[in-house]
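# Inside the fold
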Amino acid sequence: MRTLYARLRGGLLAALAPVVAAALTLGGLSAWVAAGAAGGPARISVTDGRVFLPYGSVAETAAFFRITNSGDSDDVLESVRSPRAVDVMLSRTVEREGANVESMRMVESATVPAGRRITMEPDGLDVMLRPKRALRLGAEVPFVLRFRHSGEVRVTAVVVRPGS
Ligand SMILES: [Cu+2]
């Protein structure tokens, strides 16, 4: 999503750079609960779905979710789809070491370790998509996230202004 946010964030980038670097180092992971007894299954919940309202005539946008694994085994997000969008794919923005340059690449999957939470964000993991029809602020867009062990999780994401 780097190109879409470049204009928006241009003025803020200098101030935000140290924070962004720290977030990337953590890889979007944060501790959720202490690891419990070994051997239990993954327990996945998906919350806080958001889709950025596309800019003007730009067709592509991004969606973000918070994925919590409160179980005892890792799980893997393998795909995302939506009946309201095409070209839905996982992507990750990476900052090249020392180069002060960000680039985005598609990724096949994202591991959600046991006892951890992944928070998607514009400078980390996100879901790229191309809405079939124009999105309206506040509308709810349905998504299906498919996990290797937990199967399909249906969630809705609210259309919000980029950055919120
Ligand atoms: Cu992206």
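Everything below is about the structure printed above this text.
First things first, this report covers the structure right here in the doc.

Cut-off values and rules
- Residues numbered from 1 in each chain as written.
- Predicted model: local features only at pLDDT ≥ 70, side-chain atom pairs only at ≥ 80, totals over all residues.
- Heavy atoms only, no water.
- Helix = DSSP H or I, 4+ residues; strand = E, 2+ residues; numbered from the N terminus.
- Buried < 20%, exposed > 50% of the residue type's maximum accessible area, 1.4 Å probe, protein only.
- Contact = heavy atoms within 4.5 Å.
- Areas by Shrake-Rupley, 256 points an atom, 1.4 Å probe, with all protein chains shown as cover.
- Core = buried A, V, L, I, M, F, W, Y, C linked by side-chain atoms within 4.5 Å.
- Pairing = 2+ DSSP bridges.
- Salt bridge = Lys/Arg side-chain N within 4 Å of Asp/Glu carboxyl O.
- Polar contact = N/O pair within 3.5 Å; in protein donor to acceptor, adjacent residues only side chain to side chain.

This part takes up the overall build of the chain. Within the chain, the regular secondary structure consists of two helices and eleven strands. For the chain, the proportion of its 164 residues judged to be buried stands at 36%. Once local pairs closer than 6 in sequence are excluded, the contacts in the chain between residues at least 24 apart make up 71%. As displayed, the chain offers around 9,000 Å² of accessible surface, 54% of which is attributable to carbon and sulfur atoms.

One non-glycine residue, D48, adopts positive backbone phi at about 55°. Mapped onto the secondary structure, D48 falls in strand β2 (residues 44-52). Phi at D87 is positive, roughly 50°, even though this residue is not glycine. Residue placement: D87 occurs in strand β5 (residues 85-96).

Let us now look at the nonpolar core. In this structure, F65, F143 and L145 are the most contacted members of the largest nonpolar core, which totals 33 residues. Among the elements of the structure, β2, β3 (61-69), β4 (75-81), β5, β7 (110-112), β9 (125-131), β10 (140-147) and β11 (151-160) are those that each provide at least two residues to this core. Non-local contacts of F143, meaning those with residues more than four positions away in its chain, are made with V51, A63, F65, V80, R81, S82, L129, V153, R154, V155 and A157.

On to the environment of V76, then. Turning to its location among the elements, V76 is positioned in strand β4. V76 gets classed as buried once you look at its relative accessible area, which sits at 8%. As for V76 and V112, which are separated by 36 residues in sequence, their C-alpha atoms are 5.7 Å apart. Setting aside anything within four residues of it in sequence, one finds V76 in contact with S109, A110, T111, R146, F147 and R148.

So, about the pairing of β4. The pairing of β4 with β7 spans three bridges and is classified as antiparallel. Looking at β7, one finds that D75 is bridged to V112. The pairing of β4 with β10 spans four bridges and is classified as antiparallel. The residue bridging R81 from the neighbouring strand is V144, located in β10.

Attention now goes to the pattern of salt bridges. Using the criterion set out here, one finds seven salt bridges in the structure. The closest approach of N and O atoms between D48 and R66, which form a salt bridge, is 3.2 Å. Of this pair, D48 sits in strand β2 while R66 sits in strand β3, and the two are 18 residues apart along the sequence. The class for D48 is partly exposed, based on a relative accessible area of 47%. Among the ionic pairs, E78 bridges to R148, the shortest N-O distance being 2.7 Å. Note that E78 is positioned in strand β4 and R148 in the loop between β10 and β11, a separation of 70 residues in sequence. Since its relative accessible area comes to 24%, E78 is described here as partly exposed. Through salt bridges that share partners, E60, D87 and R130 make up one connected network.

This part takes up the side chain of T93. Checked against the element boundaries, T93 lands in strand β5. Within the structure, T93 has its side chain in polar contact with the backbone oxygen of P122 (distance 3.4 Å).

A few words now on the pairing of β10. In this structure, β10 lies alongside β11, joined through eight bridges in antiparallel fashion. When the bridges of β11 are listed, V141 appears paired with A157. Two successive antiparallel strands, β10 and β11, enclose a turn made up of three residues.

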